Amino acid sequence: MPMLTPMNLNAGLFVDTSGWADPILKNTPEHMAMEAYYKQAIVGDRILVTTNYVITELVALLTVRSRAPRTQVLALIARIKEAPRVQIVHIDQALNAAAWSLLEQYSDKEWSLVDAASFVVMWQLALTDAFTSDHHFTQTGFVPVPHSR
């Protein structure tokens, strides 16, 4: 599996929960743009970076919102995990502590722990673009893609 290194950091695209879910659920105003961008991203040469927290949130979202059968949800997650251009960063104790610290520092924001952990990972990997429809990413200076909102 390709891993992000200093030589290919620009090839990285962070994929948030909505980046995985919007093309599947098709229930947001952005879903057509999100689906088109998703198709472009998975056939492109960018490394798709996500976290185990995002995957956890995705399972819960798909189970509750779409009421998809567990076998379908698990099959989707297996495809994500096995995709050669997907790098799943596992949030360890240090990353979790940094995320909690960020939540405490910005207590005026309505970020989730998943958001905060995503921001920490993006800063550590020097990623700027996030495939997301979540406006919280702009609050930290990241660039949500697709841009057509």
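As a reminder, the structure under discussion sits directly above these lines.
Residues numbered from 1 in each chain as written. Predicted model: local features only at pLDDT ≥ 70, side-chain atom pairs only at ≥ 80, totals over all residues. Heavy atoms only, no water.

Moving on, we come to the environment of Gln 139. For Gln 139, the location among the structural elements is in the loop between strand E4 (129–131) and strand E5 (143–145). By relative accessible area, which is 35% here, Gln 139 ends up partly exposed. Gln 139 sits 94 residues away from Asp 45 along the chain, and the two C-alpha atoms are 28 Å apart. Beyond its immediate stretch of four places on either side in the chain, Gln 139 contacts Lys 109 and Trp 111. (Helix = DSSP H or I, 4+ residues; strand = E, 2+ residues; numbered from the N terminus. Buried < 20%, exposed > 50% of the residue type's maximum accessible area, 1.4 Å probe, protein only. Contact = heavy atoms within 4.5 Å.)

To continue, consider the packing of aromatic side chains. Aromatic ring pairs are defined here through the distance separating the ring centres and the angle between the ring planes. Under the criterion given, the structure shown has 11 aromatic pairs. Each ring, one from Trp 20 and one from Tyr 38, has its centre 6.3 Å from the other, and the planes form 75°; the classification is edge-to-face. Residue Trp 20 is located in helix H1 (residues 17–25), and its partner Tyr 38 is located in helix H2 (residues 31–43); the two are separated by 18 residues in the primary sequence. Taken together, the aromatic side chains of Phe 14, Tyr 106, Trp 111, Phe 119, Trp 123, Phe 137 and Phe 142 make up a single cluster linked through ring pairs. (Phe/Tyr/Trp six-rings, centres within 6.5 Å; stacked < 30°, edge-to-face > 60°.)

What follows deals with the pattern of salt bridges. Counted by the stated rule, this structure contains three salt bridges. Between Lys 39 and Glu 35 there is a salt bridge, with its nearest N and O atoms 3.7 Å apart. One end of the pair is Lys 39 and the other is Glu 35, both in helix H2 and four residues apart, which spans about a single turn. Between Asp 108 and Lys 109 there is a salt bridge, and its shortest N-O distance comes to 4.0 Å. (Salt bridge = Lys/Arg side-chain N within 4 Å of Asp/Glu carboxyl O.)

For the rest of this paragraph, the subject is helix H4 (residues 70–82). Helix length check: H4 (13 residues) gives 18 Å between terminal C-alpha atoms against 18 Å at 1.5 Å per residue, within 8%. Every buried residue of H4 is accounted for by Val 73, Leu 76, Ile 77 and Ile 80. The arc that holds the buried residues of H4, viewed along the axis, is 95°, so those residues lie on one side. When the buried face of H4 is taken as reference, the exposed residues oriented beyond 90 degrees from it are Thr 71, Arg 79 and Glu 82. Its buried side turned inward, H4 meets H1, helix H3 (52–66) and strand E3 (86–89). (Expected span 1.5 Å × (residues − 1). Arc of directions from axis to C-beta.)

This part takes up the packing of H1 against H3. Their axes nearest at 9 Å, the elements H1 and H3 cross at an angle of 25°. As far as their axial angle goes, H3 and H1 are roughly parallel. Relative to H3, H1 is oriented so that their crossing is right-handed. Note on element contacts: H3 touches H1 through Val 54, Glu 57, Leu 58, Leu 61, Leu 62, Arg 65 and Ser 66, opposite Thr 17, Trp 20, Ala 21, Ile 24 and Leu 25. Along the lines of polarity and charge, the residues of the contact of H1 with H3 split into eight nonpolar, two polar and two charged. (Axes fitted to C-alpha atoms, helices over the stretch in contact; angles between N-to-C directions. Parallel < 35°, antiparallel > 145°, perpendicular 65-115°, else oblique. Left-handed = near helix turned anticlockwise from the far one by under 90°. Nonpolar A, V, L, I, M, F, W, Y, C, P; charged D, E, K, R; others polar.)

Among the secondary structure elements, Phe 137 is positioned in the loop between E4 and E5. Assessed through its relative accessible area of 0%, Phe 137 is described here as buried. Taking the C-alpha atoms as reference, Phe 137 lies 9.3 Å from Trp 111; in sequence the two are 26 residues apart. Setting aside residues no more than four positions away along its own chain, Phe 137 makes contact with Phe 14, Asp 16, Asp 115, Ser 118, Phe 119, Met 122, Ala 130, Thr 132 and Phe 142.

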